[in-house]
Amino acid sequence: MPSIFTKIIAGEIPSYKVAETEDFLAFLDIFPLRRGHTLVVPKVEVDRLFDLDENTYLGLMRFAKHVAAGVKTAFPCNRIGMAVIGLEVPHAHIHLVPLDEMADIDFGRPKLSLEPPEFQDIAFRISDHLRYD
């Protein structure tokens, strides 16, 4: 059965896209820890990050680096935290979270509740700051 991320990639489930290439997609987490919390996924459905083939893994990391730079510019912070948990969705993915303190990446804390217009604004702000070298 396809994962929810595979359905998002296929356009079967709506998302707030930040960036997309032929092989990767970045979109906002709908249960964000902070404004700018973004998920980065390969389009190929592989459950575990370290089970990706080397080219896909390295490409995902390069793509995540560009997205992280856009997040940091759109939402100034001390740094961008990266988390790979992968228990909730069986599709390799990376969480990018703007950080000013350790608690900002505590997945046990309450999530933000945002309305669609705010998600749209956040996605636009990040995508508007993406630069590919």
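As a reminder, the structure under discussion sits directly above these lines.
Remember, it's a predicted structure, so these values are computed and weren't measured experimentally. (Residues numbered from 1 in each chain as written. Predicted model: local features only at pLDDT ≥ 70, side-chain atom pairs only at ≥ 80, totals over all residues. Heavy atoms only, no water.)

Undergrad: Please explain the environment of Ile8 as it appears in this structure.
TA: Residue position: Ile8 is located in helix H1 (residues 4–9). Owing to a relative accessible area of 8%, Ile8 belongs among the buried residues under this scheme. A C-alpha to C-alpha distance of 10 Å links Ile8 and Val41, two positions 33 residues apart in sequence. (Helix = DSSP H or I, 4+ residues; strand = E, 2+ residues; numbered from the N terminus. Buried < 20%, exposed > 50% of the residue type's maximum accessible area, 1.4 Å probe, protein only.)

Undergrad: How should I be thinking about the sheet that holds strand E4 (residues 79–83) in this particular structure?
TA: The strands that make up a sheet are held in pairs by hydrogen bonds between backbone atoms, and each pair lies either parallel or antiparallel. Strand order in the open sheet formed by 5 strands is E1-E2-E3-E5-E4, and the pairing between neighbours is antiparallel. Taken across any chain shown, the strands that pair with only one partner, and hence form the sheet edges, are strand E1 (17–20) and E4. Pairwise comparison of adjacent strand axes, ignoring direction, gives a mean angle of 20° for this sheet. Pairing analysis gives 5 bridges linking strand E2 (residues 24–28) to strand E3 (residues 38–42), with the strands arranged antiparallel. Paired with Leu28 across the two strands is Thr38, which belongs to E3. Packed on one face of the sheet, helix H2 (residues 54–74) meets E1, E2, E3, E4 and strand E5 (94–99) and runs near 160° to E3. (Pairing = 2+ DSSP bridges. Axes fitted to C-alpha atoms, helices over the stretch in contact; angles between N-to-C directions. Contact = heavy atoms within 4.5 Å.)

Undergrad: I would appreciate a short explanation of the nonpolar core in the present structure.
TA: The tendency in soluble globular proteins is for nonpolar side chains to be buried as a group. With 27 residues, the main nonpolar core has Val18, Leu28, Val40, Val67 and Ile126 as its most contacted residues. Only E1, E2, H2, E5 and helix H3 (116–128) provide two or more residues apiece to this core. The element best represented in this core is H2, accounting for 7 residues. The contact partners of Leu28, leaving out residues within four places of it in the chain, are Tyr16, Val18, His37, Thr38, Phe119, Ile122, Ala123 and Ile126. (Core = buried A, V, L, I, M, F, W, Y, C linked by side-chain atoms within 4.5 Å.)

Undergrad: Help me understand the side chain of Thr56 in this model?
TA: You can see Thr56 is positioned in helix H2. One polar contact links Thr56 to Asp53, side chain to side chain, over a distance of 2.8 Å. (Polar contact = N/O pair within 3.5 Å; in protein donor to acceptor, adjacent residues only side chain to side chain.)

Undergrad: Whenever I open this one, the pattern of salt bridges confuses me. Can you help?
TA: Opposite charge on two side chains permits pairing when their charged atoms draw close. Applying the stated rule across the entire model yields 7 salt bridges. The partner of Glu20 in a salt bridge is Lys17, with the nearest N and O atoms 3.3 Å apart. For Glu20, a relative accessible area of 40% corresponds to the partly exposed category. Looking at Lys17, the relative accessible area reads 40%, which means it is partly exposed. What you see here is one network of salt bridges that share partners, running through Arg34, Asp100, Asp104 and Arg109. (Salt bridge = Lys/Arg side-chain N within 4 Å of Asp/Glu carboxyl O.)

Fair warning: the whole summary comes from geometry, so function is off the table for now.
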